[in-house]
Each structure stands twice: as C-alpha cells, then as structure tokens.
Amino acid sequence: AGYVLPTNTSIDARFTRLIADEDSFLNNGTFYNRETYVTGGLSQYYHANYGLKVQASLTYVDALPGSNDNLGEPIPGDEWIGRVVTTLAL
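Residues numbered from 1 in each chain as written. Predicted model: local features only at pLDDT ≥ 70, side-chain atom pairs only at ≥ 80, totals over all residues. Heavy atoms only, no water.

A. Quick look at the overall build of the chain. Across its full length, the chain holds zero helices and five strands. In terms of C-alpha radius of gyration, the chain reaches 17 Å, well past the compact-globule figure of 12 Å for 90 residues. Each of the three principal axes of the chain carries a C-alpha extent, and together these read 50 × 25 × 25 Å. Counting across all 90 residues of the chain, residues that qualify as buried make up 21%. In the chain, of all internal contacts separated by at least 6 residues, the share reaching a separation of at least 24 is 48%. Accessible surface for the chain amounts to roughly 6600 Å². Of this, 59% is attributable to carbon and sulfur atoms. In the chain, which carries 5 positive and 10 negative side-chain charges, the distance between the mean positions of the two groups comes to 12 Å. (Helix = DSSP H or I, 4+ residues; strand = E, 2+ residues; numbered from the N terminus. Rg over C-alpha atoms; globule rule 2.2 N^0.38 Å. Buried < 20%, exposed > 50% of the residue type's maximum accessible area, 1.4 Å probe, protein only. Contact = heavy atoms within 4.5 Å. Areas by Shrake-Rupley, 256 points an atom, 1.4 Å probe, with all protein chains shown as cover. Lys, Arg positive; Asp, Glu negative; His and termini not counted. Charge placed at Lys NZ, Arg CZ, Asp CG, Glu CD.)

B. The sheet that holds strand β3 (residues 34-46), seen in detail. Pairing in this open sheet of five strands is antiparallel, and the strands run β1-β2-β3-β4-β5 from one edge to the other. Of all the strands in the sheet, the pair left with one neighbour each is β1 (2-4) and β5 (79-88). Here the average twist between neighbouring strands, direction ignored, is 15°. Pairing analysis gives 12 bridges linking β3 to strand β4 (residues 52-63), with the strands arranged antiparallel. Paired with Gly41 across the two strands is Ser57, which belongs to β4. (Pairing = 2+ DSSP bridges. Axes fitted to C-alpha atoms, helices over the stretch in contact; angles between N-to-C directions.)

C. Inspection of unusual backbone geometry at higher detail. Residues other than glycine seldom take positive phi values, yet Asn8 does so here, at roughly 65°. If you trace the backbone, Asn8 turns up in the loop between β1 and β2 (9-17). Assessed through its relative accessible area of 26%, Asn8 is described here as partly exposed.

D. Representation of the environment of Asn49 within the structure. Examined against the element boundaries, Asn49 turns out to sit in the loop between β3 and β4. Judged by its relative accessible area of 63%, Asn49 is exposed. For the pair Asn49 and Ala89, spaced 40 residues apart in sequence, the C-alpha separation works out to 9.1 Å.

Below, the structure written as structure tokens:
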C-alpha cells in the first residue's frame, strides 16, 4: 500500500508472507528460509513527470530457525535490510 502526498512524497508499506510447500526450493536455508517480510518506505519524486525518484526503505525479515547468511553460516536471529534507490527516467 502506498500514498503520494501533495508534496510529491510517497509513504509505502508492504507485508509479505511466504508459505512454501514441503518440497519447494523456498525451504533453502541460505536464501529463502524467511517467511515474513515487513517493509516501510519513503520516496521523493522530483520533476513534473516523476522523471527522478529517490527512495529509501527498511525491511524486517523474520528468519526461521536454520537460516543462513550468504556464506552458509547460521544467523542468530532476525534480519534488517535497508535500501536506497535512485531512479532516473529521461
């Protein structure tokens, strides 16, 4: 869900819940052993046709037991992911 304010600022929120089948590749501990994602974001649009956008978001990930990092090492708890994105359209 999101809303663009009259100041060309957007406030966004997203909730994702992944429930994989027992034999799904989504049960891979290194990359996909995370069921619940909650994201909040803020974007600022510049230019009349939204040709330039700066966006920031923060995601909380509920990591399941057995979750690993990119090197295959177990992680002790849940994760936080921060993103900053710039989009330019000519």
